[in-house]
Amino acid sequence: MDKDLASIQEVRDLLRKARAAADQFKDFTQDQVDRIVSAMAQAAQNHAKRLARMAHEETGFGIIDDKVIKNTFASKMVQEHLKSIRTCGVIRHNEQTRVMEIAVPMGVVAALIPCTNPTSTAIHNSLIAIKARNAIVLSPHPRALGCIMESARILNEAAASVGGPRNLVQAMSLPTMEGTHELMHNELTSVILATGGSAMVRAAYSAGKPAYGVGPGNVPAYVDRTADVAKAAADIIAGKSFDHGVICASEQAALADRPVSGKLMEEMRRNGAYFATSEEKRALERVMVGADGHVKPSIVGQSPQKIAELAGFRVPNGTRALVVMLEKVGLEEPLSCEKLSPVLGFYVVEGWKEGCKKAIALLEYGGLGHSFSIHCQNPDIVLEFGLQKPASRILVNTSSTHGAIGYSTGLAPSMTLGPGTIGGSSTSDNVDTLHLVNIRRIAYETLPLRPTTSSDKAKYRYNDSYHYRPEGEVADAAEKPVAGRSYGKSGINDNDIERIVREFSR
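Everything quoted here is computed from the prediction, not taken from an experiment. (Residues numbered from 1 in each chain as written. Predicted model: local features only at pLDDT ≥ 70, side-chain atom pairs only at ≥ 80, totals over all residues. Heavy atoms only, no water.)

1. Thoughts on the sheet that holds strand β9 (residues 251-257)
- Reading across from one edge, β10-β11-β12-β9-β8-β13-β14 is the order of the 7 strands in this open sheet, with parallel pairing throughout. Of all strands in the sheet, those with a lone pairing partner are β10 (273-275) and β14 (391-396), marking the two edges. Taken pair by pair, the neighbouring strands of this sheet meet at an average axis angle of 25°, ignoring direction.
- Pairing between strand β13 (residues 369-375) and β14: 5 bridges, direction parallel. Note on β14: the bridge partner recorded for phenylalanine 372 is isoleucine 394.
- Each of β8 (219-223), β9, β10, β11 (321-325), β12 (343-349) and β13 touches helix α9 (residues 229-241); the most contacted strand, β9, lies at about 165° to it. (Pairing = 2+ DSSP bridges. Helix = DSSP H or I, 4+ residues; strand = E, 2+ residues; numbered from the N terminus. Axes fitted to C-alpha atoms, helices over the stretch in contact; angles between N-to-C directions. Contact = heavy atoms within 4.5 Å.)

What follows is the structure, encoded as structure tokens:
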């Protein structure tokens, strides 16, 4: 059988198994679901190092130790967050409004997993799907097929070991465009989670299914004159260098307020930054960015030393990030794009207002709606950036990489970050388990349309606008007298009033 046909058939088989598992799983109790999710998270944590090594060896991206951190975050921290969330039965009951909310699973989740964060995204998306009592089928990026399939196997076996249905977590072994198309369009698929590039996200939203698509980021990091510059420098380099910059929320450019720009550069050097010369910058542009303005796959997730070598120069072994001086934004400044590598742009701006404008330009050039970080001690300036920036996450005095995913902030821990409608997504949230739950609402009557009992008749009176209003409540300003209508308890009507007025006027 041709590979594309075999891939389509495999998807159909996986979806049938997933639907059977989901149908069985939908009646599980909260205690049963939580026990399954806990077992899955523990298994993923136990295998965090091995999966990190597999991902690194298979893709050639990033740093093994940082991938271990990501896998631990996606399992342990996500589980800590999920354990207090109710996803079965009645999850909320408002006594005042008399509305009761019941969680209903969506069914089968189709999840497209990228090669940049393969195992951590597979773990996170599987945990939030299972917590919501769904089954999930993963479509791996071909470059990370082995490590994603192994992640799915570990998670599925852990679920089954504590009483979960078989085939709750599955992954395609023959990932093709045709197979992924079938996965997204098949009638058995209930909802799509698409984590990856813009083309993938557009394809997900074109499938005719409910979808959560999360695209690229081009994250600016503004350092104000009021900032703790030493901490800002350490945070920016930590975020930019983490796993060699493959997380979409990693800093792409530092915007330094002029009074602190010199100190920021000095502190960044202390933290392992290498500032490229003009010649080295031009060499980096040639090897890193294509004519279309997008970064070349060959440098994604590579070390600063390897990227410098490809560009024809050397940097010290302790270098954690390459920094290039930039002035403009756009095709004329190739390295102003999202770089998915430990290469950082550096702008000098005159005050926070210019910093704000430059940040907006960077977000518009490939990161609309995603994330933005600010290092500042003035809450008024922070609020202005929050009001003005077309970003869904404003990270304050922290690494953007770690803050956006909820590692160093109070945001929901997630490897799937929505950029909102401005970024072409249906959500601006850190995608969580409740995004994969339908809410069924039971709503009791709070205002009768017609009085049916004597007590109701005593409490309400008809006001000719299709409902009853409490006795004594002020009438709607638009309500006008109607000839022959009686008012109040006296029984006096319009004709009586007219007669009384004539008699009084004699």
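The rest of the description comes next.
2. Focus: the environment of isoleucine 442
- Here isoleucine 442 is to be found in strand β15 (residues 437-443).
- For the pair isoleucine 442 and valine 90, spaced 352 residues apart in sequence, the C-alpha to C-alpha distance is 10.0 Å.
- Not counting residues within four places of it along the chain, the set of residues in contact with isoleucine 442 comprises Arg98, Val99, Met100 and Ile102.

3. Concerning the packing of helix α2 (residues 30-46) against helix α6 (residues 145-161)
- For the pair α2 and α6, interaxial distance at closest approach is 8 Å and the crossing angle is 140°. Classified by the angle between their axes, α2 and α6 sit oblique to one another. The hand of the α2/α6 crossing is right-handed. Residues Ile36, Ala39, Met40, Ala43 and Ala44 of α2 lie in contact with α6, whose contacting residues are Ile154, Leu155, Ala158 and Ala159.
- Partitioned by chemical class, the residues of the contact of α2 with α6 number 9 nonpolar, no polar and no charged. (Parallel < 35°, antiparallel > 145°, perpendicular 65-115°, else oblique. Left-handed = near helix turned anticlockwise from the far one by under 90°. Nonpolar A, V, L, I, M, F, W, Y, C, P; charged D, E, K, R; others polar.)

4. Quick word on the pattern of salt bridges
- Going through the model one piece at a time under the given rule, you end up with 20 salt bridges.
- Here lysine 231 ties to aspartate 235 by a salt bridge, and the two come within 2.6 Å at their closest N and O atoms. A residue pair is termed a helical-turn pair when its members lie 3 or 4 positions apart in one helix, as lysine 231 and aspartate 235 do in helix α9 at 4 residues.
- With a relative accessible area of 39%, lysine 231 lands in the partly exposed category.
- Using a relative accessible area of 15% as the deciding quantity, one classes aspartate 235 as buried.
- Here glutamate 333 ties to lysine 281 by a salt bridge, and the two come within 2.9 Å at their closest N and O atoms. Of this pair, glutamate 333 sits in the loop between β11 and β12 while lysine 281 sits in helix α11 (residues 278-288), and the two are 52 residues apart along the sequence. (Salt bridge = Lys/Arg side-chain N within 4 Å of Asp/Glu carboxyl O. Buried < 20%, exposed > 50% of the residue type's maximum accessible area, 1.4 Å probe, protein only.)

5. Remarks on the pairing of strand β1 (residues 89-94)
- Of the pairings in the sheet, the one linking β1 to strand β2 (residues 99-105) comprises 5 bridges and is antiparallel in character. Looking at β2, one finds that histidine 93 is bridged to methionine 100.
- The hairpin formed by β1 and β2 contains 4 residues between the paired strands, and arginine 98 there has a positive phi angle of roughly 60°.

6. Description of the sheet that holds β1
- Within the open sheet, the 3 strands sit side by side as β1-β2-β15. Their pairing is antiparallel. Looking along the sheet, the strands with just one partner apiece sit at the ends: β1 and β15. Put simply, the sheet's adjacent strands are angled 25° from each other on average, direction ignored.
- As defined by bridge partners, β2 adjoins β15 across 7 bridges and the pair is classed as antiparallel. Paired with proline 105 across the bridge in β15 is valine 437.

7. So, the confidence of the model for the chain
- Within the chain, residue pLDDT values average 91, and 89% of them lie at 70 or more.
- Every residue in residues 462-466 scores below 50 in pLDDT, and together they form 8 contacts with partners more than four places removed in sequence or on other chains.
- pLDDT under 50 marks residues 474-481. Its contacts with residues more than four places away, or in other chains, come to 7 contacts. (pLDDT = per-residue confidence, 0-100.)

8. Some words on unusual backbone geometry
- The residue asparagine 167 is not glycine, and still its phi comes out positive at about 70°.
- Its relative accessible area of 24% is what places asparagine 167 among the partly exposed residues.
- The backbone of asparagine 397 sits at a positive phi, close to 55°, despite the residue not being glycine.
- Within the element layout of this structure, asparagine 397 appears in the loop between β14 and α15 (400-404).
- Given a relative accessible area of 25%, asparagine 397 falls into the partly exposed group.

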